[in-house]
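# Examination of the molecular architecture
Here is what each chain is made of, one letter per residue.
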Amino acid sequence: MASGVTAGAESGAPPRRALPGYLLGATSARTGDEMSGPAILLAGLTASGSVGTASALLTGLTSSAAIGGPLLGVLLDRSPRPGRVLGTALACYGAGLVLVVALLGRVPTPALVVLAVAAGLFAPAVSGGWTAQLPDVVDPAGLSRATGLDAMTFSGAALAGPALVGILADAVGATTAVSITIALVVAAVPAAWRLPSRVPGPAEQLRSALVEGLTTIVATRSLLRATATSMVSFAGVGMLVVACPLLGALRLGDASRGALLLAGVAATGLAANAVLARRPTLIRADTLLLTTTILLAVATAVAALPGAGWVVGAALLAGLGEGPQLTALIRIRHRDAPEHLRARVFTLGASLKITAMAAGTALAGVLATQSVPLCLLTAAAVQLGAAALFGLLRPRRL
C-alpha cells in the first residue's frame, strides 16, 4: 500500500484509493476532536461543579492553536511526507489529552489548563492539516466534489461526537467519554501516515516562512475576508458550545443532553453539506459564507427563547449555517491559496478560528454564569458582527 501511494505521487497522479483513506482518517480524527470539547466541558463540570473551571479547560485546549497552527503549516509545506508530520501531531494531541484526563481532579485547575494549552498546540492538525492535503489525493477536476465530502467529515464528526459524549456521559461518565475521544484521535494516525508524498516547498527560514503565510492571507482580499469572517463567527459558535450543557439542564432536564443539541446542529449541517457535495455549483462560495453567517446569528438568538421546542429548532437551524459555512471556507482557500503555501494558509486559518473560539468560550464562561439567554444573545450579536465584517472587506475594484 505504501509503495503504491509513493509511486502515484511521483507520477503526478493521485494514488488509487487515496481519497477513501483520507476521508476515513479525517472522520476518525475529527470525531475525536468534536468529542473533546463537550467531553472536557462535562468532565470539568463533573469534577469541579464549576462552569468557570469547565470553560477554562476548553479555553486552554483551544487558545494555543494560534501558535501551533502556523508552525505545523510550515512543517507540512516543507515535508516530502506531510502525512508523517500530520500523524506525529495527532499522536501528540492524543498524548496531551491523556494527561489532562488522567490528572483531572488530582491537580489544581491552573496546572490542568497549562496541560490543555500544550495539547491544543497540535489541534490544527485535525482540521487545517488534513484539509491542506486534499489536492494531493484527488484530480483537479474532482476537487470541488472532494471538498464537499471533506466538509461532510466535519459535519459527520460533529454529529457523532457530541451524541457519543451525551450517551457515554450518561452511561459510564464523562471521563470515559474523554478516553474514547483520545482513542479516535490516535486511531487516525495510520491513515495520516499513508497520505501521499509530494515535492516539498522551498526551505525558507522559519521566520520568513511564518510571515509569508500570514502575508498571503492579508494581501489576498478574498482570503482575508473569509478568514476574518469565519474567525469572528467561530467565536460566536464557541459561546453556543459552552451554553449547550446549560441549555440541556435548563430546557431538557440534564446537562449531558446539551451534547445532543450539538448533535442536532451537526445533523442538519451534514444534510446540507451532502446537498452541496452533489451540487457544488449550487451557490457561490462567497455568497454561501455570508448567508450561513446570518443563519447562525438568527439561530443563536432563537436559542435564547424559553421552551425546549425553541432550543431544538435553533440547534437544527444552526446546523444549516455552521456546516455549509465550513464548505464555503474550504472552497475559498482551495481556490485562492498558492499551492506552495497551501498548508500554511489552511493551518493558520484553522488556528485563528480555534483561537477565536477560545475567546468566545472564555467570554461565555463569564456571561453564562450570570444568564444563559444573555450569553446567547451576545453570541448572536457576534455573528452579526461577522456578517458586517464580510461586507466591509469586499474585494477592491480595479
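In what follows, the structure referred to is the one given above.
A quick note: this is a predicted structure, and the numbers were derived from the prediction, not measured.

### Structural notes on the overall build of the protein
- Across its full length, the protein holds 17 helices and 0 strands.
- Taken over C-alpha atoms, the radius of gyration comes to 20 Å for the protein, in line with the 21 Å a tight globule of 398 residues would show.
- C-alpha atoms of the protein, sized along the principal axes, occupy 60 × 50 × 40 Å.
- Within the protein, buried positions represent 55% of all 398 residues.
- Summarising the internal contacts of the protein: among those between residues at least 6 apart in sequence, 84% fall at separations of at least 24.
- A total accessible area of about 15500 Å² is found for the protein, and carbon and sulfur atoms account for 68% of it.
- Between the centroid of the 27 positive side chains of the protein and the centroid of its 15 negative side chains there is a distance of 4 Å.

### Quick look at the pattern of salt bridges
- Scanning all chains against the criterion turns up 7 salt bridges.
- Its salt-bridge partner being Asp286, residue Arg335 comes within 3.0 Å of it at the nearest N-O pair. Of the two residues, Arg335 sits in helix α15 (residues 308–336) while Asp286 sits in helix α14 (residues 285–303), which places them 49 residues apart along the sequence.
- In this structure Arg335 comes out as partly exposed when scored by relative accessible area, which is 46%.
- Residue classification places Asp286 among the buried residues on the basis of a relative accessible area of 6%.
- Within the structure, one salt-bridge network assembled from shared partners comprises Arg225, Arg284, Asp286, Arg335 and Asp336.

### Description of empty space enclosed by the protein
- Under the criterion given, the structure shown has 5 cavities of 30 Å³ or more.
- Here the largest cavity is characterised by a volume of approximately 790 Å³.
- Lining the largest cavity are 39 residues; nearest its centre among them are Asp33, Glu34, Phe234, Glu322 and Met357.
- Elements that contribute at least two residues to the lining of the largest cavity include exactly α2 (18–48), α3 (51–63), α7 (128–131), α8 (143–171), α12 (221–251), α13 (258–278), α15 and α16 (342–370).
- Ranked by residue count, the leading element in the lining of the largest cavity is α15, at 8 residues.

### Description of the environment of Ala192
- Structurally, the position occupied by Ala192 is in helix α10 (residues 189–193).
- C-alpha of Ala192 to C-alpha of Arg84: the two residues are 108 residues apart in sequence and 6.6 Å apart in space.
- Setting aside residues no more than four positions away along its own chain, Ala192 makes contact with Gly83, Arg84, Leu86, Gly87, Leu90 and Trp130.

Cut-offs used in this document
- Residues numbered from 1 in each chain as written.
- Predicted model: local features only at pLDDT ≥ 70, side-chain atom pairs only at ≥ 80, totals over all residues.
- Heavy atoms only, no water.
- Helix = DSSP H or I, 4+ residues; strand = E, 2+ residues; numbered from the N terminus.
- Rg over C-alpha atoms; globule rule 2.2 N^0.38 Å.
- Buried < 20%, exposed > 50% of the residue type's maximum accessible area, 1.4 Å probe, protein only.
- Contact = heavy atoms within 4.5 Å.
- Areas by Shrake-Rupley, 256 points an atom, 1.4 Å probe, with all protein chains shown as cover.
- Lys, Arg positive; Asp, Glu negative; His and termini not counted.
- Charge placed at Lys NZ, Arg CZ, Asp CG, Glu CD.
- Salt bridge = Lys/Arg side-chain N within 4 Å of Asp/Glu carboxyl O.
- 1 Å grid on protein atoms, 1.4 Å probe; cavity = no way out; pocket = protein on both sides within 12 Å on 5 of 7 lines; lining within 4 Å.
- Points joined across faces, edges and corners; volume = space filled by probe spheres on them.

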